[in-house]
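# Examining the three-dimensional arrangement
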Amino acid sequence: MSTVIAQTRFSVLDRSRTREGHGSPQALRDTVAFAREAESLGYHRFWVSEHHSVPGVAGSAPTVLAAAVAAATTRIRVGTGGVMLPNHQPLVVAEQFGVLESLFPGRIDMGLGRSVGFTGGIRKALGRGKEDAGDFTAQLAELLGYFTGDQSAHPQVHARPAEGLRVPAFVLATGAGAQVAAEAGLPLVIAAVRGEDAMLRAVEEYRDAFRPSAWGERPYVVLSGTVAVAETTQEARRILLPEAWSTAYSRTHGEFPPLISAEKVLTLSMTDRERTLFDEALRGQLHGTEDEVTDGLEKIIGRSGADEYLVTTSTYDRGAMLDSYRRLARITA
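These numbers come from a predicted model, not from an experiment. (Residues numbered from 1 in each chain as written. Predicted model: local features only at pLDDT ≥ 70, side-chain atom pairs only at ≥ 80, totals over all residues. Heavy atoms only, no water.)

### Digging into the environment of Glu37
Short version of the rule: Numbered from the N terminus, helices here are DSSP runs of H or I no shorter than four residues, and strands are runs of E no shorter than two. Each residue is placed in one exposure class: buried if its accessible area under a 1.4 Å probe, protein chains only, is under 20% of its type's maximum, exposed if it is over 50%, and partly exposed if it falls in between.
Following the sequence through the fold, Glu37 ends up in helix 2 (residues 24–41). What makes Glu37 partly exposed here is its relative accessible area of 21%. It is 9.2 Å that separates the C-alpha atoms of Glu37 and Tyr325, two residues lying 288 residues apart in sequence.

See the structure below:
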C-alpha cells in the first residue's frame with residue numbers, strides 16, 4: 001500500500017438506491033446489511049442520505065436510518081451525508097442527534113447539507129422555499145449552539161438531550177459552501193460535481209479561510225466520490241452504468257428513477273441529449289482494476305491533501321458493488 005493511501009481514512013456513503021424489481025423497503029434493509037459488511041471490511045464511517053419524494057432513493061429519514069445502522073453495528077462510526085438543514089428546524093435536528101449520541105456514544109457523526117427539496121412541490125410539502133438555503137449559515141450556528149448551550153436565536157430554549165454533548169459536525173459543500181465550513185471551523189465534505197480543478201480550488205480556499213473553533217482546531221477535508229473496482233477495467237466500468245443512466249434520465253425527465261441493470265442500459269436507445277449526459281456522468285469516475293484504482297487514488301489524494309475519502313458507489317448488481325468495496329478495502333486497509 002502507498003504511503004498516501006495508508007495515511008487516509010476511507011468511509012462509505014450509501015444512498016439507499018432502489019432497483020428495478022426491488023422496492024424501497026428492500027433498499028433500506030440492504031443499507032443496514034451493507035453497513036455490517038462495511039464494518040467488517042474496516043471502513044471508518046458509514047453515512048446515509050436524505051432525499052424526499054425521489055423514486056430512486058429510499059433514504060428519506062436519515063436520522064431514523066442511522067439509528068437502525070448503529071443498532072446493527074458495533075464499532076463503525078455512523079452518521080448522515082447529510083441532513084439537509086434548510087428542510088428542518090435546527091432544534092429538532094439537535095434533539096435527534098442528541099438522542100443518537102446518547103444511545104450510541106462516541107459513534108455518531110452529524111453531516112449537514114444546505115440543499116432544499118428537489119422540486120417546488122416537495123419544497124411546498126416541507127414548508128420550505130429556495131430562499132431557505134440562503135439561511136444555512138444562521139441555521140448551522142443555531143444548531144451548534146444547541147449542543148454548546150449558547151444559542152441565542154431562541155432564548156431559554158434548550159435541546160434535550162443534545163446540550164452538553166459533542167457530536168462531530170461536517171459541512172457538505174460544493175463551491176461557495178466551503179467558505180461556510182471554514183468560517184464555522186468544521187470539517188469539509190466535498191465532491192467534484194463541478195470538476196476536479198474547481199473542487200481543488202474550493203479545498204485550497206477552505207484551508208486558507210479556516211478558523212479554529214471548539215469543533216475543530218485545523219482543517220479536515222473529506223473527498224466524496226464514486227470508486228468502482230473489479231477484476232478488469234471493463235467490469236469496473238459496467239458497475240458505473242446504472243447510476244450514470246439514472247443521472248442522465250433525471251436531467252431530462254426531472255426525477256431519479258430506480259436503477260436498472262447494466263445489461264439493460266446497454267440496450268437503451270438514447271437521444272443525443274441523453275447520450276451526452278450519460279457520457280458526462282461516466283467521465284471522471286474512478287474505476288478499474290486494483291492497480292488502476294490505487295494509482296487514481298494516489299493522484300487525487302496527493303493533489304488535494306485530503307484526510308479522508310467518502311466512497312459513494314451504488315449500482316444495480318449488489319454482488320458486484322460489494323465485491324468492489326471488498327477490493328477497495330484490500331487497497332486501503
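Now that the structure has been shown, we can carry on.
### Here we look at the side chain of His52
Under the convention used in this document: Any pair of residues with heavy atoms lying within 4.5 Å of one another is described as a contacting pair.
Tracing the chain through its elements places His52 in the loop between strand 2 (45–48) and helix 3 (62–72). Every residue in contact with His52, bar those within four places of it in the chain, is listed here: Ser60, Asn87, Ile122 and Leu126.

### Looking at the pairing of strand 5 (residues 108–113)
What counts is decided by this rule: Here, a strand pair is defined by DSSP locating no fewer than two bridges between the strands. For the handedness criterion, the strands are oriented away from the viewer, and a crossover whose path from the first strand over the helix to the second runs clockwise is classed as right-handed.
The buried count for strand 5 comes to 6 of 6 residues, which makes it a mostly enclosed element. Of the two faces of strand 5, the one carrying Ile108, Met110 and Leu112 and the one carrying Asp109, Gly111 and Gly113 are both buried. Across 2 bridges, strand 4 (residues 83–84) lies against strand 5 in parallel orientation. Along strand 5, the bridge assignment pairs Met84 with Gly113. As for the winding sense of the linkage, the β-α-β connection from strand 4 through helix 4 (residues 90–103) to strand 5 is right-handed. In the sheet, strand 5 pairs with strand 6 (residues 169–173) via 3 bridges, with the strands oriented parallel. Each bridged residue has a counterpart across the sheet, and for Leu112 the counterpart in strand 6 is Val171.

### Topic: the pairing of strand 11 (residues 308–311)
Judged by which residues are buried, strand 11 turns out to be covered on both faces: Glu308 and Leu310 on one side and Tyr309 and Val311 on the other are all buried. Sheet topology note: the strand 1 (residues 9–14)/strand 11 ladder contains 4 bridges and is parallel. Bridged to Phe10 within strand 11 is Tyr309. Examined bridge by bridge, strand 8 (residues 221–225) and strand 11 share 4 bridges and lie parallel to one another. Note that in strand 11 the partner of Ser224 across the bridge is Leu310.

### Some thoughts on the pattern of salt bridges
Selection rule: Definition used for salt bridges: Asp or Glu carboxyl oxygen within 4 Å of a side-chain nitrogen of Lys or Arg.
The full count for this structure, using the stated rule, is 16 salt bridges. The partner of Lys264 in a salt bridge is Glu20, and the shortest N-O contact between them spans 2.9 Å. Here Glu20 lies in the loop between strand 1 and helix 2 and Lys264 lies in helix 10 (residues 262–267), a separation of 244 residues in the sequence. Under the relative-accessibility criterion, Glu20 is labelled partly exposed at 37%.

Without other data, these values stay purely geometric and don't point to any function.
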